[in-house]
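# A structural walkthrough
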Amino acid sequence: MNEEALLAIKEISYAVNFVELSSKLENSANQAFINIRIKENKDLTVELTQSGFRIVAEKFDSNTIVDGTYYTTINALLDANSVAYRNDFAAALNSKLTELAAKNKDSS
């Protein structure tokens, strides 16, 4: 799961204050833990397993299973738990679409 966790970290790093693979919780082929500080300055430990992503603590490097809800993607988890993430994601998407539209217009 480490490889998948590292890809998720890369994917969301633009829209959170801090993100890293936990060095204190045991990561394995079947489970990985990610520490995330969302823009609302709330710390989370997120578990990644075959079932998906879920919040397991509202502090770093902890596994107390705060929320049993699994999300299929890290984006879905953050969208459900961070208004600032949702806004940043929408802004990034809008920027990319504007860039593509301008590129398309220039090549016409």
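Residues numbered from 1 in each chain as written. Predicted model: local features only at pLDDT ≥ 70, side-chain atom pairs only at ≥ 80, totals over all residues. Heavy atoms only, no water.

Our focus in this paragraph is the UniProt feature "domain: GSKIP" (unreviewed entry) in the protein chain. If you check UniProt for "domain: GSKIP" (unreviewed entry), the listed places come out as residues 2-100 in our numbering. Along residues 2-100 one finds 37% helix and 23% strand; the C-alpha atoms at either end are 33 Å apart. (UniProt positions renumbered as here; feature names shortened; annotations may be inferred. Helix = DSSP H or I, 4+ residues; strand = E, 2+ residues; numbered from the N terminus.)

On to the packing of helix H2 (residues 74-81) against helix H3 (residues 83-106), then. At a minimum axis distance of 5 Å, the contact between H2 and H3 shows a crossing angle of 120 degrees. What the angle tells us is that H2 and H3 run oblique. Where H2 abuts H3, its residues Asn75, Leu78, Asp79 and Asn81 lie against Val83, Tyr85, Arg86 and Phe89. Here the contact of H2 with H3 is composed, by residue class, of 4 nonpolar, 2 polar and 2 charged. (Axes fitted to C-alpha atoms, helices over the stretch in contact; angles between N-to-C directions. Parallel < 35°, antiparallel > 145°, perpendicular 65-115°, else oblique. Contact = heavy atoms within 4.5 Å. Nonpolar A, V, L, I, M, F, W, Y, C, P; charged D, E, K, R; others polar.)

This brings us to the sheet that holds strand S2 (residues 32-37). With antiparallel pairing, the 4 strands of this open sheet are ordered in space as S1-S2-S3-S4. In this open sheet, the two strands that pair with only one neighbour each are strand S1 (18-21) and strand S4 (52-57). Averaged over all adjacent pairs, the angle separating strand axes in this sheet is 25 degrees, with direction ignored. Two strands pair when backbone bridges link them, and S1 and S2 are joined in this way by 4 bridges, in the antiparallel orientation. (Pairing = 2+ DSSP bridges.)

Looking now at helix H1 (residues 2-12). Along an α-helix, a turn takes 3.6 residues, which lines up residues three or four apart on a common side. When H1 is considered as a whole, its buried residues turn out to be Ala5, Ala8, Ile9 and Ile12. Each buried residue of H1 sits inside an arc of 100 degrees when the element is viewed along its axis, so together they form one side. Relative to its buried face, H1 has exposed residues pointing more than 90 degrees away, namely Glu3, Leu7 and Lys10. On its buried side, H1 packs onto S1, S2, strand S3 (43-49), S4, H2 and H3. (Buried < 20%, exposed > 50% of the residue type's maximum accessible area, 1.4 Å probe, protein only. Arc of directions from axis to C-beta.)

Let's shift gears to unusual backbone geometry. Positive phi is not limited to glycine here, since Asn41 has a value of about 60 degrees. Within the element layout of this structure, Asn41 appears in the loop between S2 and S3. For Asn41, a relative accessible area of 57% gives the class exposed. Located in the positive-phi region is Asp61, a residue other than glycine, with phi close to 55 degrees. With respect to the helices, strands and loops of the structure, Asp61 is situated in the loop between S4 and H2. What makes Asp61 partly exposed here is its relative accessible area of 21%.

Let's shift gears to the side chain of Glu47. Here Glu47 lies in strand S3. At 2.5 Å, the side chain of Glu47 forms a polar contact with the side chain of Gln31. Reaching out from Glu47, the side chain makes a polar contact with the side chain of Arg54 at a distance of 2.6 Å. In contact with Glu47, not counting residues within four places along its chain, are Gln31, Ala32, Phe33, Gly52, Phe53, Arg54, Val56 and Tyr70. (Polar contact = N/O pair within 3.5 Å; in protein donor to acceptor, adjacent residues only side chain to side chain.)

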